[in-house]
Amino acid sequence: MPPSALRDRKRERTRRALLEAAVEQFESRGYEAATVADIAAAAEVGTRTFFNYFASKEELLFPEPDERVQAAVRAIATRRPGERPVEVLLRALRAAGDNPGDHLGDDLAARIAVLRAQVSRTVPAVSGRAAYAQLASQQEIARQLRAAFPEELDDVGAAALVGAVVGAVSGALTVLFQRPGLEDGEALQRKIQETTSKVLAPWLSQPAPELPAEHLPVIADVPLRPEPEAFRPLSSVHRLARV
């Protein structure tokens, strides 16, 4: 193995050790009581090493870009022929909900998500960062959707569609993470999967039968597929884009 690969593996082990130590400290002592020095000591490194990996304590609660954003960007880039914007988002969110915490390999990401939701209620710095991260994430997804579907979505339509779908899932998960008794990592992963599926269920139903072509709206003389019954809660978004 080349030296660079060994260094990368060592850095990843140290980073993970810091995250695990932070989660243990936050869960047992509380976010505000745990200090950077405490976390570094629990991970068996110095505070200088801590700051080589994380700029601040609150950054420990945001270790990776939001999984749903990553999934959505991948889904947009690999969209199927004829797939509509809402279908791309729903497929992406369903995939992220079925595989929570994949980028950290186990239940660590779920535990961090719970802590982030809980701490956001009482610590302004974390609350502000969470709000900014969600806004930036939604803007990025909307930007990529707009570029991928220029004939169906304008800037307003893309933002409205992303806000409706991502907001529904995020809101439900925030409430879930505030419930007591979900400390077990495997239980958290199951609840995330169940909650995501439940929230998306109205939009994930089977499409309604095709309407006759004469009843379909037309953009640039190209007939559009009818909106499935399950997608009609968001139909106003698509109408905005068609005006």
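Figured I'd write up the structure that's included with this text. If you're wondering where the values come from, they're calculated on a predicted model, not measured in any experiment.

Moving on, we come to the overall build of the chain. Per the secondary structure count, the chain includes ten helices and two strands. Traced from its N-terminal end to its C-terminal end, the chain shows the element sequence α-α-α-α-α-α-α-α-α-β-β-α. In the chain, the share of contacts with a sequence separation of at least 24, taken over all contacts with a separation of at least 6, comes to 67%. As displayed, the chain has an accessible area near 13,100 Å², and 53% of this comes from carbon and sulfur atoms.

Scanning all chains against the criterion turns up three aromatic pairs. Measuring from ring centre to ring centre gives 4.9 Å for Phe26 and Tyr31, while their planes differ by 55°; the resulting arrangement is tilted. The exposure class of Tyr31 is buried, given its relative accessible area of 9%. Taken together, a centroid distance of 5.1 Å and an interplanar angle of 85° make the contact between Phe50 and Phe51 edge-to-face. You can call Phe51 partly exposed: its relative accessible area is 45%. Sitting over the ring of Tyr31, Lys57 keeps its end group 4.3 Å from the ring centre.

One pass over the full model with this rule turns up eight salt bridges. Among the ionic pairs, Arg29 bridges to Asp38, the shortest N-O distance being 2.6 Å. Residue classification places Asp38 among the partly exposed positions, given a relative accessible area of 25%. Each of Glu24, Glu27 and Arg111 takes part in one network of salt bridges that share partners.

What follows deals with unusual backbone geometry. You will see that Glu44, though not glycine, has its phi angle at about 65°, which is positive. Here Glu44 shows up in the loop between helix 2 (36–42) and helix 3 (47–53). You can call Glu44 exposed: its relative accessible area is 73%.

Time to look at the packing of helix 6 (residues 108–120) against helix 7 (residues 124–148). Two numbers describe how helix 6 lies on helix 7: the axes approach to 8 Å, and their chain directions differ by 115°. Classified by chirality, the crossing of helix 7 by helix 6 is left-handed. When helix 6 is examined against helix 7, the residues Arg116, Val119 and Ser120 are found in contact with a partner set consisting of Val126, Ser127 and Ala130. Here the contact of helix 6 with helix 7 is built from residues that sort into three nonpolar, two polar and one charged.

What follows covers helix 7. With 25 residues, helix 7 should reach 36 Å at 1.5 Å per residue; the first-to-last C-alpha distance of 36 Å fits that figure. Listing the buried residues of helix 7 in full gives Val126, Ser137, Gln138, Ile141, Ala142, Gln144, Leu145 and Ala148.

Attention now moves to the packing of helix 1 (residues 3–29) against helix 6. Interhelical geometry of helix 1 versus helix 6 gives an angle of 45° and a closest axis separation of 11 Å. Classified by the angle their axes make, helix 1 and helix 6 are oblique. Every pair of crossing elements has a handedness; the one defined by helix 1 and helix 6 is left-handed. In this structure, helix 1 uses Arg16, Leu19, Glu20, Val23, Glu24, Phe26 and Glu27 to contact helix 6, whose residues at the interface are Leu108, Arg111, Ile112 and Leu115.

To continue, consider the nonpolar core. Across soluble globular proteins, nonpolar side chains show a tendency to be buried alongside one another. Judged by nonpolar contacts, the single largest core of 24 residues is most densely connected at Phe26, Ile39, Phe50, Leu60 and Leu61. The set of elements that each furnish at least two residues to this core consists of helix 1, helix 2, helix 3 and helix 6. Among the elements that make up this core, the one with the highest residue count is helix 1 (six residues). Residues contacting Phe50, with those up to four places away along its chain left out, are Leu18, Val36, Ile39, Ala40, Ser56, Lys57 and Leu60. Grouped together as the second largest cluster of nonpolar side chains are 21 residues, Val69, Val86, Phe149 and Ala158 included.

Scoring rules and cut-offs
- Residues numbered from 1 in each chain as written.
- Predicted model: local features only at pLDDT ≥ 70, side-chain atom pairs only at ≥ 80, totals over all residues.
- Heavy atoms only, no water.
- Helix = DSSP H or I, 4+ residues; strand = E, 2+ residues; numbered from the N terminus.
- Contact = heavy atoms within 4.5 Å.
- Areas by Shrake-Rupley, 256 points an atom, 1.4 Å probe, with all protein chains shown as cover.
- Phe/Tyr/Trp six-rings, centres within 6.5 Å; stacked < 30°, edge-to-face > 60°.
- Buried < 20%, exposed > 50% of the residue type's maximum accessible area, 1.4 Å probe, protein only.
- Lys NZ or Arg CZ within 6 Å of the ring centre and 35° of its normal.
- Salt bridge = Lys/Arg side-chain N within 4 Å of Asp/Glu carboxyl O.
- Axes fitted to C-alpha atoms, helices over the stretch in contact; angles between N-to-C directions.
- Left-handed = near helix turned anticlockwise from the far one by under 90°.
- Nonpolar A, V, L, I, M, F, W, Y, C, P; charged D, E, K, R; others polar.
- Expected span 1.5 Å × (residues − 1).
- Parallel < 35°, antiparallel > 145°, perpendicular 65-115°, else oblique.
- Core = buried A, V, L, I, M, F, W, Y, C linked by side-chain atoms within 4.5 Å.

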